[in-house]
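Geometric and topological summary
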Amino acid sequence: MNILNKFNFFLIVLFLSSILNIHSQEQKYPGSFTIEKNERPPNIIFMIGDGMGLSQITAGTISNKNTSSLEEMQYIGLQKTHSFNQLVTDSAASGTAMACGEKTYNGVVGINSKNKQLESILEYCKSKNFTTALIATSSIVHATPASFYANVNSRRQYEDIALQLRYHSVDYFIGGGRKHFNRREDKRDLIAEMETEGYKIVNNIDNYDGYKNKKLGFFTYADEPPPINTGRKPSLEVLVNSTLDKLKSDDKPFFLMVEASQIDWGGHANDLPYIISEFKDFNKAISNALDFAKLNGNTLIVVTADHETGGLAIKKGNLKKNSVIGDFTTIGHSGTMVPVFSYGSKSEIFTGIYENTAIFNKLKIAVNK
Ligand code: MG
Ligand code: ZN
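To keep things clear, this report deals only with the structure shown in the data block. (Residues numbered from 1 in each chain as written. Chains lettered and ligands numbered in written order. Predicted model: local features only at pLDDT ≥ 70, side-chain atom pairs only at ≥ 80, totals over all residues. Heavy atoms only, no water.)

1. With respect to the packing of aromatic side chains
Note the cut-off: Working definition: a ring pair exists when centres of Phe, Tyr or Trp rings (six-membered ring for Trp) sit within 6.5 Å. Plane angles under 30 degrees give stacked, over 60 give edge-to-face, the rest tilted. What counts as a helix is a DSSP run of H or I of at least four residues, what counts as a strand is a run of E of at least two, and both are numbered from the N terminus. The rule is simple: take the accessible area with a 1.4 Å probe, protein chains only, and divide by the maximum for that residue type; under 20% is buried, over 50% is exposed, in between is partly exposed. Each ring is checked for a lysine NZ or an arginine CZ that lies within 6 Å of its centre and within 35 degrees of its normal; such an atom marks a charge sitting over the ring.
Taken as a whole and judged by the stated rule, the model has eight aromatic pairs. Both rings, one in Phe173 and one in Phe219, keep their centres 5.6 Å apart while their planes meet at 65°; by these two values the pair is edge-to-face. Here Phe173 is found in strand β4 (residues 172-176), whereas its partner Phe219 is found in strand β6 (residues 216-219), with 46 residues between them in sequence. For Phe219, a relative accessible area of 0% gives the class buried. Ring centres of Phe181 and Phe219 lie 4.8 Å apart, and the angle between their planes is 50°; this geometry places the pair in the tilted category. A residue pair is termed long-range when its members are at least 10 positions apart, and Phe181 in helix α7 (residues 179-182) and Phe219 in strand β6 qualify at 38 residues. Considered together, Phe181 and Phe219 belong to a single accessibility category, that of buried residues. An aromatic cluster is built from Phe173, Phe181, Tyr199 and Phe219, whose rings are joined through pairwise contacts. Above the face of the Tyr354 ring, Lys362 is positioned so that its terminal group lies 4.4 Å from the ring centre.

Rendered as C-alpha cells:
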C-alpha cells in the first residue's frame, strides 16, 4: 500500500468503527433503560384507617351511595391485631407491629417486648434512598404516626416523641400537635431548631404548596385537630394530593404513610355519624392515591386498620336513603381481625390471613422486589 491507500484504509476503518459504535450505543441504550426501570423499587403509599373494621367500612360505604374507593383495590387480606400479651391491642402496639414488624406491649411505641429499639419500614426505606412522608389527621406525635419514627416506652411521652421527630430525617410531615414542639416544658423551640437545620415549618396549605424545600413540615393545628364534621381543614384528600405532587417531582421512590386517625375517635365516642364522616374523608384520599398509582405506575397502595374500635355492628338501615343504624359493644377497641386492601406493584403478596407484624415484612419484600 502506498501512503494514499493507507490513508484511505484508515478512513474506512474509522468510518466503519463509528457506525458500529453508534449502532451498539443504539442497541444498548433502550436495553439498559428498561432494566433500570424494572429495578427501581415501587413507591409505597401505606394508608391506615385507625379503628376501621369491616362495620365501619360497611357503614361508610352505605352512606356513600353504597360504594367506596376500596372497591377498586386488587387484593384483600385479613390481619390479626392482638398485641404481645393482650388480645385487644391499642394503637401503639399495633402501629409498632405494622411499622416495625414485632409485637409489643400496649402503649409502647417502636420498642419490642425485650426492650429493643426497632427500625421502622419508613427508616428502612430511608436507608434505601427513598423520600419519606407522614400525614395524620391527629397530632403528628400520636401513637400511629409515631410508630414510624419514634422509640418510647409510653405513647403519652408526647414531648419526647416530638424531640425524636426533630432529630429524625422524615422529609415531609403533616399533622396537628404544634404545641409539643414550641410550648414545651424544657422551653426549647423545636420548630426554630429544625428551621436552622434546613426544614421549613409552615402553618397553612398555601405555604406547604408554595415552599419547595425538600424538608417540609405542616402543623395543621396547635393541638389535636377537630373532627371533619366540625370543620377540620384541609381535607385529607388535599393533604395527600399536595404531598404526592411534591413526591412526584423528586426523582426517587417514596414511602408515604397516611393515617385517617379519627375513625377511631368516632368509635370511642360510639358516634356513627362521626365515623362515617371520617371514613368519607379517608375514602377521597384513597381515591387520589389510586389516581396517582394509575397515572404513574410502579406504586403499591396498602389500605388497612390497626384494629377495630367500638365493636360496631350494622343493625338496620335503608339502602335507598343511604342510611345506616349501628350498635356498639364497647367504648374501647375490639379484637376482631381487620381487612388489608392492596393495589399495584407487589399487591398480590397481601392476600391471606396473617399477623399484623407480617405487614412490615411484606412491605419490605415490595421494597426489594
Ligand atoms: Mg392513630
Ligand atoms: Zn383507639
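2. Remarks on the sheet that holds strand β1 (residues 43-49)
Stated precisely, the cut-off is as follows: A strand pair is defined by DSSP finding two or more bridges across the two strands. Note on geometry: axes are C-alpha line fits, over the in-contact stretch for helices, and angles between N-to-C directions span 0 to 180 degrees.
An order of β5-β6-β4-β3-β7-β1-β8-β13-β2-β14 is seen for the ten strands of this open sheet, with the pairing classed as mixed. Bordering the open sheet on either side are β5 (200-202) and β14 (352-355), each of which pairs with just one other strand. Sheet twist, expressed as the mean angle between neighbouring strand axes with direction ignored, is 15°. Strand direction decides the pairing type here: β1 and strand β7 (residues 254-260), joined by six bridges, are parallel. Looking across to β7, one finds that Ile44 is bridged to Phe255.

3. Considering the nonpolar core
Just so we agree on the cut-off: Side-chain atoms within 4.5 Å link the members of a nonpolar core, which is a set of buried Ala, Val, Leu, Ile, Met, Phe, Trp, Tyr and Cys residues. Here, two residues are considered to be in contact whenever any of their heavy atoms come within 4.5 Å of each other.
Judged by nonpolar contacts, the single largest core of 49 residues is most densely connected at Phe46, Phe148, Phe173 and Phe255. The greatest single-element share of this core, amounting to six residues, is contributed by helix α13 (residues 357-367). Those residues in contact with Phe255, other than ones at most four positions away along the chain, are Ile44, Phe46, Ile121, Leu122, Cys125, Phe130, Thr131, Thr132, Ala133 and Phe148. Counting residues in each nonpolar core, the second largest holds 47 residues, with Leu216, Leu236, Ala260 and Ala285 among its members.

4. Examining the pairing of strand β11 (residues 323-327)
Here five bridges tie strand β10 (residues 313-318) to β11, and the two strands are oriented antiparallel to one another. Along β11, the bridge assignment pairs Asn318 with Ser323. Counted along the chain from β10 to the antiparallel partner β11, the turn is four residues long, and its residue Asn322 has a positive phi close to 50°.

5. Quick notes on the side chain of Ser120
Examined against the element boundaries, Ser120 turns out to sit in the loop between α3 (91-100) and α4 (121-127). With residues up to four places along the chain from it excluded, the contact list for Ser120 reads Ala99, Cys100, Ser147, Phe148 and Phe360.

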